[in-house]
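Each chain, letter by letter, is given below.
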Amino acid sequence: MANGSIDFRSTKFSKTQTGHDEIKSRALGLNAVARRLLVVINGKRSGADLEQFATGQDAVQLVTELMTHGLISMRTEDTPTPPPNSAASARAANSDLND
């Protein structure tokens, strides 16, 4: 996020599949504030929106940490938010194919 061409406050962020997995597993041992940010990132919230969830910590630093772990990515306007990969969504997709 040190790149001066990125406007953190207007950039939107999405969870990656690794991020969805981390929410379930808690394998990385994120601190409570970083975990809160990971949970609320939904592809619609901007950096400015995320600042309110950083409670006393540097939101840019926390988002950078999440990106470094591959838990989130920056969205561009033409990048759809990927849904979490789950057995339920796979069953639904298969059900649609069988109809």
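Please refer to the structure higher up on the page.
Now for a description of the structure that goes with this document. (Residues numbered from 1 in each chain as written. Predicted model: local features only at pLDDT ≥ 70, side-chain atom pairs only at ≥ 80, totals over all residues. Heavy atoms only, no water.)

**Regarding the overall build of the chain**
Of the regular secondary structure elements, the chain holds 5 helices and 2 strands. Listing the helices and strands of the chain from first to last along the sequence gives β-α-α-α-α-β-α. Here the chain holds 99 residues, and 29% of them are scored as buried. In the chain, the share of contacts with a sequence separation of at least 24, taken over all contacts with a separation of at least 6, comes to 73%. Put simply, the chain shows about 6,100 Å² of open surface, and 52% of that area lies on carbon and sulfur atoms. (Helix = DSSP H or I, 4+ residues; strand = E, 2+ residues; numbered from the N terminus. Buried < 20%, exposed > 50% of the residue type's maximum accessible area, 1.4 Å probe, protein only. Contact = heavy atoms within 4.5 Å. Areas by Shrake-Rupley, 256 points an atom, 1.4 Å probe, with all protein chains shown as cover.)

**Quick word on unusual backbone geometry**
Despite not being glycine, Arg26 shows a phi value in the positive range, around 55°. Here Arg26 is to be found in the loop between helix H1 (17-25) and helix H2 (32-40).

**Digging into the pattern of salt bridges**
Considering all chains together, one arrives at 1 salt bridge under this definition. Here Glu51 and Arg9 are joined by a salt bridge, their closest N and O atoms 2.3 Å apart. Linking Glu51 in helix H3 (residues 47-51) with Arg9 in the segment before strand E1 (12-15), this pair joins segments that are 42 residues apart in sequence. What makes Arg9 partly exposed here is its relative accessible area of 48%. (Salt bridge = Lys/Arg side-chain N within 4 Å of Asp/Glu carboxyl O.)

**Focus: the packing of H1 against H2**
The description of two helices packed together rests on the angle between their axes and the distance between the axes. The geometry of H1 relative to H2 is characterised by a closest axis approach of 10 Å and an angle of 125° between their N-to-C directions. Comparing the axis directions of H1 and H2 gives the class oblique. For the element pair H1 and H2, the recorded crossing hand is left-handed. Facing Gly19, Glu22 and Ile23 of H1, the residues of H2 in contact are Arg35, Leu38 and Val39. Residues belonging to the contact of H1 with H2 are distributed by class as follows: 3 nonpolar, 1 polar and 2 charged. (Axes fitted to C-alpha atoms, helices over the stretch in contact; angles between N-to-C directions. Parallel < 35°, antiparallel > 145°, perpendicular 65-115°, else oblique. Left-handed = near helix turned anticlockwise from the far one by under 90°. Nonpolar A, V, L, I, M, F, W, Y, C, P; charged D, E, K, R; others polar.)

**Some details on helix H4 (residues 59-68)**
Every buried residue of H4 is accounted for by Ala59, Leu62, Val63 and Leu66. For H4, the arc enclosing every buried residue in end-on projection is 95°, short of the 170-degree limit, so these residues lie on one face. Pointing more than 90 degrees away from the buried face of H4 are the exposed residues Gln61 and Thr68. Considering only its buried residues, H4 is in contact with E1, H2, H3 and strand E2 (72-75). Looking at where H4 begins, the residue whose side-chain oxygen comes 3.0 Å from the main-chain nitrogen of Val60 is Asp58. Directly after H4, the chain includes Gly70, whose backbone phi takes a positive value near 75°. (Arc of directions from axis to C-beta. Polar contact = N/O pair within 3.5 Å; in protein donor to acceptor, adjacent residues only side chain to side chain.)

**Some thoughts on the environment of Gln17**
Examined against the element boundaries, Gln17 turns out to sit in helix H1. The class for Gln17 is partly exposed, based on a relative accessible area of 29%. Between the alpha carbons of Gln17 and Ile72 there is a distance of 8.5 Å; along the sequence they are 55 residues apart.

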